[in-house]
Amino acid sequence: NTSRTQTSGADLSEIKYTLPANWTAKISGDSLMITPTGGGYLSIKAYDYNGATGRREFYCQTVNYCTSSTSHTAQNIGNISGYMASGLDNSGGGSEYYGANGNKFYIISSYNPPSPNEFEKNFQNVLNSLVF
């Protein structure tokens, strides 16, 4: 009789990251907002996830703005494997990133203000630094 342990993903307050100078992070409502001086953001939300539904399907059911032209590109997000979703019907927002760790599912929304800006210089480094 083998027992299977469900790994726990990090709650919003437990997510670790490394921020460049001029970036801040704070929990606002149900999101972890990571923002640089000068505009733009990464907004992370955590959802309960039992793994019974595939990640792409769970993401589209949760956000409800996937379209037939939405693409899902495999991409590591910090310490988890996930996807970048683009071609979304999300009212001018940028690409979104999503993935799961144990019993948590994470959706990261992004907004990149007009170039040039601090956000586009460093957002990939911030994504890479995330530990869920």
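Up top is the structure.
Residues numbered from 1 in each chain as written. Predicted model: local features only at pLDDT ≥ 70, side-chain atom pairs only at ≥ 80, totals over all residues. Heavy atoms only, no water.

A. Representation of the overall build of the chain. Across its full length, the chain holds 2 helices and 7 strands. Over its C-alpha atoms the chain spans a radius of gyration of 15 Å, differing by no more than 12% from the 14 Å that the globule rule assigns to 132 residues. Here the C-alpha coordinates of the chain stretch approximately 55 × 35 × 25 Å along the principal axes. Burial statistics for the chain: of 132 residues in total, 39% are counted as buried. Put simply, 50% of the contacts in the chain that link residues at least 6 apart link residues at least 24 apart. Mean positive and mean negative side-chain charge positions of the chain (8 and 9 charges, respectively) differ by 5 Å. (Helix = DSSP H or I, 4+ residues; strand = E, 2+ residues; numbered from the N terminus. Rg over C-alpha atoms; globule rule 2.2 N^0.38 Å. Buried < 20%, exposed > 50% of the residue type's maximum accessible area, 1.4 Å probe, protein only. Contact = heavy atoms within 4.5 Å. Lys, Arg positive; Asp, Glu negative; His and termini not counted. Charge placed at Lys NZ, Arg CZ, Asp CG, Glu CD.)

B. Seen up close, the pairing of strand S4 (residues 71–77). Of the pairings in the sheet, the one linking S4 to strand S5 (residues 80–86) comprises 7 bridges and is antiparallel in character. Across the sheet, the residue bridging to Ile77 is Ile80, located in S5. Here S4 folds back onto S5 in antiparallel fashion, the turn holding 2 residues, of which Gly78 has a positive phi close to 60°. (Pairing = 2+ DSSP bridges.)

C. Region of interest: the nonpolar core. Ranked by internal contacts, the top residues of the largest apolar core, which has 19 residues, are Ile15, Ile44, Ile108, Leu130 and Phe132. Elements with a contribution of two residues or more to this core: strand S2 (31–36), strand S3 (41–48), strand S7 (104–111) and helix H2 (118–129). When residues of this core are assigned to their parent elements, the largest contribution, 4 residues, is made by H2. Ignoring any residue separated from it by four or fewer positions in sequence, one finds Ile15 in contact with Ala10, Leu32, Ile44, Tyr106, Leu130, Val131 and Phe132. (Core = buried A, V, L, I, M, F, W, Y, C linked by side-chain atoms within 4.5 Å.)

D. The environment of Arg56, seen in detail. Of note, Arg56 is situated in helix H1 (residues 55–63). For the pair Arg56 and Leu127, spaced 71 residues apart in sequence, the C-alpha to C-alpha distance is 19 Å. The residues contacting Arg56, other than those within four sequence positions of it, are His72, Tyr83 and Tyr98.

E. Here's a closer look at the pattern of salt bridges. Per the stated rule, a full pass over the model turns up 3 salt bridges. A salt bridge links Asp11 to Lys104, with the shortest nitrogen-to-oxygen separation between them at 3.2 Å. Taken together, the positions of Asp11 in the segment before strand S1 (23–28) and Lys104 in strand S7 put the pair 93 residues apart, joining distant regions of the chain. Judged by its relative accessible area of 12%, Lys104 is buried. Put simply, Asp30 and Lys45 hold a salt bridge, and the shortest N to O gap is 3.7 Å. With a gap of 15 residues between them, Asp30 in the loop between S1 and S2 and Lys45 in strand S3 connect regions that are remote in the sequence. Assessed through its relative accessible area of 28%, Lys45 is described here as partly exposed. One network of salt bridges, in which partners are shared, links Asp11, Asp48 and Lys104. (Salt bridge = Lys/Arg side-chain N within 4 Å of Asp/Glu carboxyl O.)

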